[in-house]
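What follows is the residue order along each chain.
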Amino acid sequence: MDQIKVIKPTQVDQLKIVKGRDLCTLMTCNSLHDQHLPPAGHRIPYNPKAEAKAKERSRNRLIWIIIAILLPVLAIIIFIWHKKRKKKTAKADKEKEQE
């Protein structure tokens, strides 16, 4: 993405083909005003090394998200287990004292 303009619906000259450039323009609307927002971008060359790096970063990010979710869940499970065990031990101790 290399440009975003705010234009009126009649300003169609902003959507014309630009000689020597490989552009793609998406026409969107601004619902608050009588305006359009045509973001435009230019095509970049395919780079397999950059794609591999992006996939690796995405995979690493997913691993960290999974860890960030699992650690608190595991901590809560251990906390609940510990509390139940403590309660069970206290109950067993009381029963021993009563005997």
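Each value, and the rule that gives it
Residue indices begin from 1 for each chain and proceed along its sequence in written order. In keeping with the predicted nature of the model, local features appear solely for residues at pLDDT of at least 70, side-chain atom pairs appear and are counted solely at 80 or more, and the whole-chain, interface and lining totals rest on all residues. Hydrogens and water are ignored here; the side-chain numbers use all heavy atoms of the structure. Helix numbers and strand numbers start at the N terminus; a helix is a DSSP run of H or I with at least 4 residues, a strand a run of E with at least 2. Both definitions apply: the radius of gyration is a C-alpha atom measure, and the globule rule equals 2.2 Å times residues to the power 0.38. Any residue under 20% of the maximum accessible area for its type is buried, any over 50% is exposed, and the rest in between are partly exposed; the area is computed with a 1.4 Å probe on protein chains only. All tallies of charge rest on Lys and Arg as positive and Asp and Glu as negative; His and the ends of each chain are not included. Note on charges: their place is set at NZ of Lys, CZ of Arg, CG of Asp or CD of Glu. The term salt bridge refers to a pairing of a side-chain nitrogen on Lys or Arg with a carboxyl oxygen on Asp or Glu at a separation within 4 Å. Two strands qualify as a pair provided DSSP detects at least 2 bridges between them. UniProt positions are given in the numbering used here, feature names are shortened, and annotations may be inferred rather than shown by experiment. The contact criterion used is simple: two residues touch if any of their non-hydrogen atoms lie within 4.5 Å. To count toward a patch, a residue needs a relative accessible area over 30% and no salt bridge; like charges are then connected within 9 Å, while nonpolar side chains (Val, Leu, Ile, Met, Phe, Trp, Tyr) are connected within 5 Å. Under the convention used here, a 1.4 Å probe and the Shrake-Rupley method define accessible areas, while residue burial counts only the protein chains that appear.

Undergrad: When you look at the overall build of the chain in this model, what are you seeing that I'm missing?
TA: When helices and strands are counted, the chain shows one helix and five strands. Counting helices and strands in the order they occur from the N terminus, the chain gives β-β-β-β-β-α. Here the C-alpha radius of gyration of the chain, 30 Å, is well above what a compact globule of 99 residues would show, namely 13 Å. Dimensions of the chain, computed from the C-alpha atoms along their principal axes, are close to 95 × 40 × 10 Å. Burial statistics for the chain: of 99 residues in total, 6% are counted as buried. In the chain, which carries 21 positive and 10 negative side-chain charges, the distance between the mean positions of the two groups comes to 3 Å.

Undergrad: Explanation requested: the pattern of salt bridges in the structure shown.
TA: A side chain of one charge can pair with a side chain of the opposite charge when the charged atoms of the two come close. Counted according to the given criterion, the structure contains three salt bridges. Between Glu 51 and Lys 55 there is a salt bridge, with the nearest N and O atoms lying 3.7 Å from each other. Placement of both Glu 51 and Lys 55 in helix H1 (residues 48–98) is noted, with a separation of four residues, approximately one turn of the helix. Exposure remark for Glu 51: the relative accessible area of 33% places this residue in the partly exposed category. Overall, Lys 55 belongs to the partly exposed group, its relative accessible area being 47%.

Undergrad: Is there a simple way to explain the sheet that holds strand E1 (residues 3–4) in this structure?
TA: Two strands in a sheet stick together by hydrogen bonds in their backbones, pointing the same way (parallel) or opposite ways (antiparallel). Read from one edge to the other, the open sheet built from three strands follows the order E1-E5-E2, with strand pairing classed as antiparallel. One side of each edge strand has no neighbouring strand; the edge strands of this open sheet are E1 and strand E2 (23–25). Where E1 and strand E5 (residues 39–42) come together, two bridges link them in antiparallel fashion. Note on E5: the bridge partner recorded for Ile 4 is Pro 39.

Undergrad: In this structure, what is going on with the UniProt feature "transmembrane region" (unreviewed entry) in the chain? I would like to understand it.
TA: As annotated in UniProt, the feature "transmembrane region" (unreviewed entry) corresponds to residues 62–81 in the numbering used here. A distance of 28 Å separates the end C-alpha atoms of residues 62–81, which is 100% helix and 0% strand.

Undergrad: Explain the environment of Leu 15 here, please?
TA: Residue position: Leu 15 is located in the loop between E1 and E2. As for Leu 15 and Ala 40, which are separated by 25 residues in sequence, their C-alpha atoms are 9.2 Å apart. Excluding anything up to four places from it in sequence, Leu 15 contacts Thr 25, Met 27 and Pro 38.

Undergrad: Can you walk me through a nonpolar patch on the surface in this structure?
TA: A grouping of Ile 63, Trp 64, Ile 67, Leu 71, Leu 74, Ile 78 and Trp 81 is seen on the molecular surface, where their side chains present a nonpolar patch of about 760 Å² in accessible area. Residue position: Leu 71 is located in helix H1. Assessed through its relative accessible area of 54%, Leu 71 is described here as exposed.

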